[in-house]
Amino acid sequence: MGELQRYFLIFLGALLVYNILLIRFIALCSFFGISTSMETSIGMSLAVIFVMMVSSTLSWGLWNYILVPLGVGEFLYIPVFILVIASFVQLEEMFIRKTAPTLYRAMGIFLPLITTNCAVLAAATEVAKPGFLKMSIAYNYTLPEAWVYTFGVALGYSVALIIFTAIRERIDFAPVPKALKGYPLAFIASALMSLAFTGFSGLLGL
Amino acid sequence: MEVERMLGDLTRGVIKENALLKLMIGLCSALAVSVKVENALFMGMAVIFVLTSSNIVISLIRPVTPHNIRIPIFIVVVSTFVTIVDLSLRAYFPVIYARLGVWIPLIVVNCMILGRAEAFAYKNGVVASALDGLGMGVGYTLVLLVMGFIREFIGTGSITMNGNVLFSLGAGFEAPTFMITFPGAFLTFGLVQAGLNKYEEMMNERAARRRTSARGSGTGVGAGA
């Protein structure tokens, strides 16, 4: 398999075939919590792409250059990764507030929430510690592969979130039984959307 | 009074403030592991353990926790207990561990646990926090079991526990396997939630009717107070 082809498969796998929201159920709290208006969805998507890229890079480096050589990876990876993410998100928030006020206004309030966005921890764990996602691609990512993978995951999150927001803005006005109003109907709508994404499984042998 | 309040702490999380159906937190793992009743049971126990123990520890260290860095401290406490679960499940129940996969480490960022730490354990005493954690965990587990039962029963036509078939619809039943895949989880959750809404709506209506009829007869002074 050529180098470029491998990147492409990893990217497509992370983006569509194993879409983090609709196929793997990671980060659903934010999926249902903020998909009520388009503006917040776009802000959250930007923030997730940004935070995920950096935190995956950090955790990839920590795993390969510190945790594994010291032989403590297996039982320290959870606290180490989450601490890195939590403190990094704090740092990032301060940094963006000082240097890019416009960007901060667009995604500022979402940054603290991202600490508990499981998608970030999941991506950080997956690029470092092999064996969680059973893709048919051998699993020991180099740094560029980790970037491609993380970008695919983050973009998959954004795509699903933005499509779903558009759907929800419409079904808010639909006449439905009272017990179904709101979240229950949103769940049923996402079931149909997830069914559509299931159609990607097996794409290109992934 | 004391006992009443403790009971309130314990039962609050089961229905009235059920983390999954009412507060809509901790959803990811619930939808993913509710494929089988067995998975739901083990995941529920793991969450009850982590939630109760971290609530106890966080409420114990409350006086020495600086307010500004409390979130990282909570996370360290929670991730310690998650590591305990992670390692012991892997040692004693490797099959279950392989099936639950990434969801065990992800308990760390389960919004439910951090949410309870911040909203309850950080502000209340040890006993209350322990009961709150237990109640919230039980509420989570109940929803998981109901969903697991519906999905496994419809999706495979039988309920399997520890390798033994508990009961089955027989070979003639052609199971709609989509119930045990991802869309089935969303659908089941939506319907379970709608069911609870309907139930509460009926309960409220009945209570309202009782109140008006009591007022009508002139004996129900202060009814509902």
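The rules behind each value
- Residues numbered from 1 in each chain as written.
- Chains lettered and ligands numbered in written order.
- Predicted model: local features only at pLDDT ≥ 70, side-chain atom pairs only at ≥ 80, totals over all residues.
- Helix = DSSP H or I, 4+ residues; strand = E, 2+ residues; numbered from the N terminus.
- Buried ≥ 20, exposed ≤ 12 C-beta atoms within 10 Å, placed from the backbone.
- Contact = placed C-beta atoms within 7 Å.
- Core = buried A, V, L, I, M, F, W, Y, C linked by C-beta atoms within 7 Å.
- Axes fitted to C-alpha atoms, helices over the stretch in contact; angles between N-to-C directions.
- Left-handed = near helix turned anticlockwise from the far one by under 90°.
- Nonpolar A, V, L, I, M, F, W, Y, C, P; charged D, E, K, R; others polar.
- Expected span 1.5 Å × (residues − 1).
- pLDDT = per-residue confidence, 0-100.
- Pairing = 2+ DSSP bridges.

Draft legend 1. Region of interest: the overall build of chain B. In terms of regular secondary structure, chain B is built from eight helices and two strands. Traced from its N-terminal end to its C-terminal end, chain B shows the element sequence α-α-α-α-α-α-α-β-β-α. When the backbone C-alpha atoms are referred to their principal axes, chain B occupies close to 60 × 55 × 25 Å. Within chain B, the proportion of its 225 residues that are buried is 39%. Considering only intrachain contacts with a sequence separation of at least 6, the fraction spanning at least 24 residues in chain B is 75%.

Draft legend 2. Broad picture of the overall build of chain A. Tallying secondary structure elements over chain A gives nine helices and zero strands in all. Long-range pairs, those at least 24 residues apart, make up 78% of the contacts in chain A with a sequence separation of at least 6.

Draft legend 3. Spotlight on the interface of chain B and chain A. If you look at the interface, chain B gives 36 residues, while chain A gives 35 residues. Mapped onto the side of chain B that touches chain A, the elements with two or more residues apiece are helix H2 (27–33), helix H4 (70–92), helix H6 (111–121) and helix H8 (182–217) of chain B. It is H8 of chain B that provides the largest number of residues to the side of chain B that touches chain A, a total of 12 residues.

Draft legend 4. Summary view of the nonpolar core. Of all hydrophobic cores here, the largest spans 112 residues; its most connected members are Ala27, Ala119 and Leu121 of chain A. It is helix H8 (residues 143–171) of chain A that contributes the most residues to this core, 10 residues altogether.

Draft legend 5. Seen up close, the packing of helix H3 (residues 37–60) of chain B against H4 of chain B. Residues and elements named next belong to chain B. Contact geometry of H3 with H4 gives a least axis separation of 9 Å together with a crossing angle of 145°. Judged by the twist between their axes, the crossing of H3 over H4 is right-handed. Across from Ala46, Phe49, Val50, Ser53, Ser54, Val57 and Ile58 in H3, the residues of H4 making contact are Phe74, Val77, Val78, Phe81, Val82 and Val85. Of the residues assigned to the contact of H3 with H4, the class counts are 11 nonpolar, two polar and no charged.

Draft legend 6. Just helix H9 (residues 183–198) of chain A, in detail. Compared with an ideal rise of 1.5 Å per residue, which puts 16 residues at 22 Å, H9 of chain A spans 22 Å between its outermost C-alpha atoms and is within 8% of the ideal. If you check which residues of H9 of chain A are buried, you get Pro184, Leu185, Ala186, Phe187, Ile188, Ser190, Ala191, Ser194 and Phe197 of chain A.

Draft legend 7. Representation of the confidence of the model for chain B in the model. Residue and element names in this part refer to chain B. In the predicted model, chain B carries a mean pLDDT of 82, and 92% of its residues have values of at least 70. Strand S2 (residues 164–168) is the least confidently modelled element of chain B, averaging 73 in pLDDT, while H3 averages 91, the highest of any element. Two summary scores accompany this predicted model of the complex, namely pTM at 0.75 and ipTM at 0.70.

Draft legend 8. Seen up close, H6 of chain B. Judged by how many residues are buried, H6 of chain B sits mostly within the fold: eight of 11 residues are covered. Every buried residue of H6 of chain B is accounted for by Cys111, Met112, Ile113, Leu114, Arg116, Ala117, Phe120 and Ala121 of chain B. Contact partners of the buried residues in H6 of chain B: helix H2 (28–33) of chain A together with H3, H4 and helix H7 (126–156) of chain B.

Draft legend 9. The environment of isoleucine 15 of chain B, seen in detail. Residue and element names in this part refer to chain B. Within the secondary structure, isoleucine 15 is located in the loop between helix H1 (2–12) and H2. The exposure class of isoleucine 15 is partly exposed, given the 16 C-beta atoms found within 10 Å. Here the alpha-carbon distance between isoleucine 15 and valine 143, two residues 128 residues apart in the chain, equals 9.7 Å.

Draft legend 10. Seen up close, the pairing of S2 of chain B. Residues and elements named next belong to chain B. Little of S2 is tucked away, with zero of its five residues classed as buried. With four bridges joining them, strand S1 (residues 158–161) and S2 adopt antiparallel strand pairing. Within the sheet, the bridge partner assigned to serine 158 lies in S2 and is serine 168.

Draft legend 11. The packing of helix H3 (residues 38–70) of chain A against helix H4 (residues 73–99) of chain A, seen in detail. Residues and elements named next belong to chain A. Interhelical geometry of H3 versus H4 gives an angle of 145° and a closest axis separation of 10 Å. At the point where H3 passes H4, the crossing takes the right-handed sense. Contact residues: H3 offers Val51, Val54, Ser55, Leu58, Ser59, Leu62, Trp63, Leu67 and Val68, while H4 offers Gly73, Leu76, Tyr77, Val80, Phe81, Val84, Ile85, Phe88, Val89 and Glu92. For the contact of H3 with H4, a count of residues per class yields 15 nonpolar, three polar and one charged.

Draft legend 12. Looking closely at the environment of arginine 97 of chain A. With respect to the element layout, arginine 97 of chain A can be found in helix H4. C-beta crowding within 10 Å serves as the criterion here: with 14 such atoms nearby, arginine 97 of chain A is assigned to the partly exposed category.

Draft legend 13. Molecular detail of the confidence of the model for chain A. Averaged over chain A, the pLDDT score is 80; the fraction of residues at 70 or greater is 88%. Here helix H6 (residues 110–114) of chain A stands out as the least confident element of chain A, with mean pLDDT 69; H8 of chain A is the most confident, with 88.

Draft legend 14. Up close: the environment of glycine 101 of chain B. Position of glycine 101 of chain B relative to the elements: it lies in the loop between helix H5 (94–100) and H6. By the C-beta count within 10 Å, which is 15 here, glycine 101 of chain B ends up partly exposed.

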